[in-house]
Amino acid sequence: MMVSARLPVAPRPFMDELLSSWMARVAARYGSEALELVVYLAGQGGRNAGARQLDDVAPDMELLSLWAKACRVDPELLCRRSLASRYPDRPQDWFLTETVPVCLACFDADVAGRRDAYLRGHWRLAEQVVCPPHRTMLLDRCPACLGRLRLSFRMLNGLLRPFCRKCDAILTGGGGETEHPLKADFAGGVLDLQSQISRIVRGNPGRFDRLEHAIRTLWAPLDRDGAARPVLALWYDEPGWNCPYEARAAVGRSAPLQHLSVSWRALTLVILHDLFGADLEPGAVLPEAALVLFRRAAPLPWLTDGRDLPNGKGKRTIDAGVERIHRLSKRPVHRLNGNFEGERGDFGRIHP
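Everything numeric here is computed off the predicted structure, so don't read it as measured data.

K.L.:
Please explain the nonpolar core as it appears in this structure.
P.N.:
Across soluble globular proteins, nonpolar side chains have a tendency to be buried as a group. Core analysis: the largest hydrophobic core is formed by 70 residues, its most contacted members being Trp-94, Phe-107, Trp-123, Trp-219, Trp-264 and Leu-272. A total of nine residues in this core trace back to one element, the largest contributor, which is helix 10 (residues 262-276). When neighbours within four sequence positions are excluded, Trp-94 is seen to be in contact with Arg-124, Leu-125, Ala-126, Glu-127, Ile-197, Val-201, Phe-208, Leu-211, Glu-212, Ile-215 and Leu-257.

Take a look at the structure:
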């Protein structure tokens, strides 16, 4: 019988820290990555636990138990750090599952407080694009190499600091440099919008359902076959505008916010406000601008409850539909569909 490992040094998790962030900090104390330490702990006292990845939302309890024993932490305390425990009424579609955006000012505050830098739990909420304490936009790209942000923790001057894995740049706000006033004003405005969205997600189910429907429709594909652009393209007043590659993964998805960068999630909030006003979600009567957009949405698989209606079969068709949309997004654009450089098509100005 294998005896569970005991780590001689293991920092305690912070109150608002992601489980994955705490495990990365523990591993960094031993000069390794969290996955490497998982494999080691699983080999000492777990059954195939090394093959499973940690889930910040609803973690595997066997894997969590290994970490709790190795670090001498109450497993219930770790369980309460999961996002499912912190936000029990929040749908899992409203948690980010890929890159965790960060606030550099928060990292600088950690250094000023003489504590390890760490990832905050609310950074994984889908509507969070602005840091409330610092009123700055979150970052999901490295400010040095501009690549998608993947960070690691390393020891520097006695504290664990975040570094970009790609270019090894330390992630810092630059020692308190003043942000451009226009960026600060934009972040302040979006902060109010994200607070309203958070209240809707936590509040009345009817309002939340209407909000979800509006966001899905904005990111639904247009009714032009092969257009490779979402419905919100009509909101722009730009001839030949194409949906950038980084945002195409969200087109046609049932949970588009999960697949969008910080900037595109922020823009989605701005468009919701522009279309529906202070409520940020459609009511009984849609404004004319919203009607124009919603009527141009292609039929979506989830509107049929995942059923193959012609055949009367109850199989899910969402995956097949999304794959088709993504294949179309990579095709050359036909010259008559109003979606190439130099042709306006019928995509006129929608917003005031």
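K.L.:
Help me out: how do you make sense of unusual backbone geometry in this one?
P.N.:
Outside of glycine, negative phi angles account for most residues, and trans bonds account for most peptide bonds. A positive phi angle, near 55°, is found at Arg-72, a position not held by glycine. Take Arg-72: it is sitting in the loop between helix 3 (61-71) and helix 4 (75-80). Given the relative accessible area of 52%, Arg-72 is considered exposed. At Arg-135, a position not held by glycine, the phi torsion is positive, near 55°.

K.L.:
Help me out: how do you make sense of the pairing of strand 4 (residues 159-164) in this one?
P.N.:
Looking along a regular strand, one sees the side chains alternate between the two faces of the sheet. Burial analysis of strand 4 places six of its six residues in the buried class, the great majority of the element. Across the two faces of strand 4 the burial is the same, with Leu-159, Arg-161 and Phe-163 and Leu-160, Pro-162 and Cys-164 all buried. Relative to strand 4, strand 3 (residues 151-156) runs antiparallel, the two being bridged by six bridges. Looking across to strand 4, one finds that Leu-156 is bridged to Leu-159. Adjacent in sequence and paired antiparallel, strand 3 and strand 4 are bridged by two residues, among which Asn-157 carries a positive phi angle near 55°.

K.L.:
Explain helix 1 (residues 19-28) to me, please; I cannot follow it from the model alone.
P.N.:
Since the α-helix advances by 3.6 residues per turn, residues separated by three or four positions end up pointing in the same direction. Judged by how many residues are buried, helix 1 sits mostly within the fold: eight of ten residues are covered. Residues Leu-19, Ser-21, Trp-22, Met-23, Arg-25, Val-26, Ala-27 and Ala-28 constitute the buried set of helix 1.

K.L.:
Explain the pattern of salt bridges here, please?
P.N.:
Once the charged atoms of two side chains with opposite charge are near each other, the side chains can pair. Summed over all chains, the structure comprises 13 salt bridges. Linking Glu-127 and Arg-90 is a salt bridge whose minimum nitrogen-to-oxygen distance equals 2.7 Å. Of this pair, Glu-127 sits in the loop between helix 6 (104-112) and strand 1 (130-131) while Arg-90 sits in the loop between helix 5 (83-86) and helix 6, and the two are 37 residues apart along the sequence. Comparing Glu-127 with Arg-90, the two get one shared label, buried. The network of salt bridges with shared partners includes Glu-17, Arg-25, Arg-29 and Asp-116.

K.L.:
Is there a simple way to think about the packing of aromatic side chains in this case?
P.N.:
How two aromatic rings sit relative to each other is given by the distance of their centres and the angle of their planes. All told, the structure shown has eight aromatic pairs when counted by the stated rule. Pairing Phe-14 with Tyr-118 gives two aromatic rings, centres 4.3 Å apart and planes at 25°, and the pair type is stacked. In this pair, Phe-14 is assigned in the segment before helix 1 and Tyr-118 in the loop between helix 6 and strand 1, connecting sequence segments 104 residues apart. By relative accessible area, which is 23% here, Phe-14 ends up partly exposed. Ring geometry for Trp-94 versus Phe-208: centroids 5.6 Å apart, planes at 55°, classification tilted. Of this pair, Trp-94 sits in the loop between helix 5 and helix 6 while Phe-208 sits in helix 8 (residues 205-218), placing them 114 residues apart in sequence. The class for Trp-94 is buried, based on a relative accessible area of 4%. On the basis of relative accessible area, Phe-208 is assigned to the buried category, the value being 8%.

K.L.:
So what exactly am I meant to see when it comes to the environment of Pro-132 here?
P.N.:
Tracing the backbone shows Pro-132 in the loop between strand 1 and strand 2 (136-137). A C-alpha to C-alpha distance of 9.2 Å links Pro-132 and Ser-195, two positions 63 residues apart in sequence. What Pro-132 contacts, discounting residues up to four positions off in sequence, is Leu-191 and Gln-194.

K.L.:
Mind showing me how you'd approach the state of the cysteines here?
P.N.:
Disulfides are covalent bonds that connect the sulfur atoms of two cysteines. Tallied over the full model, the rule gives zero disulfides. The cysteine Cys-103 is free of any disulfide, with Cys-131 supplying the nearest cysteine sulfur at 3.6 Å. You can call Cys-103 buried: its relative accessible area is 0%. Between Cys-145, a cysteine without a disulfide, and Cys-142, which holds the nearest cysteine sulfur, the sulfur-to-sulfur distance is 3.7 Å. On the basis of relative accessibility, which here comes to 27%, the residue Cys-145 falls in the partly exposed class.

Cut-offs used in this document
- Residues numbered from 1 in each chain as written.
- Predicted model: local features only at pLDDT ≥ 70, side-chain atom pairs only at ≥ 80, totals over all residues.
- Heavy atoms only, no water.
- Core = buried A, V, L, I, M, F, W, Y, C linked by side-chain atoms within 4.5 Å.
- Buried < 20%, exposed > 50% of the residue type's maximum accessible area, 1.4 Å probe, protein only.
- Helix = DSSP H or I, 4+ residues; strand = E, 2+ residues; numbered from the N terminus.
- Contact = heavy atoms within 4.5 Å.
- Pairing = 2+ DSSP bridges.
- Salt bridge = Lys/Arg side-chain N within 4 Å of Asp/Glu carboxyl O.
- Phe/Tyr/Trp six-rings, centres within 6.5 Å; stacked < 30°, edge-to-face > 60°.
- Disulfide = S-S within 2.5 Å.

Taken by themselves, the reported measurements are silent on function.
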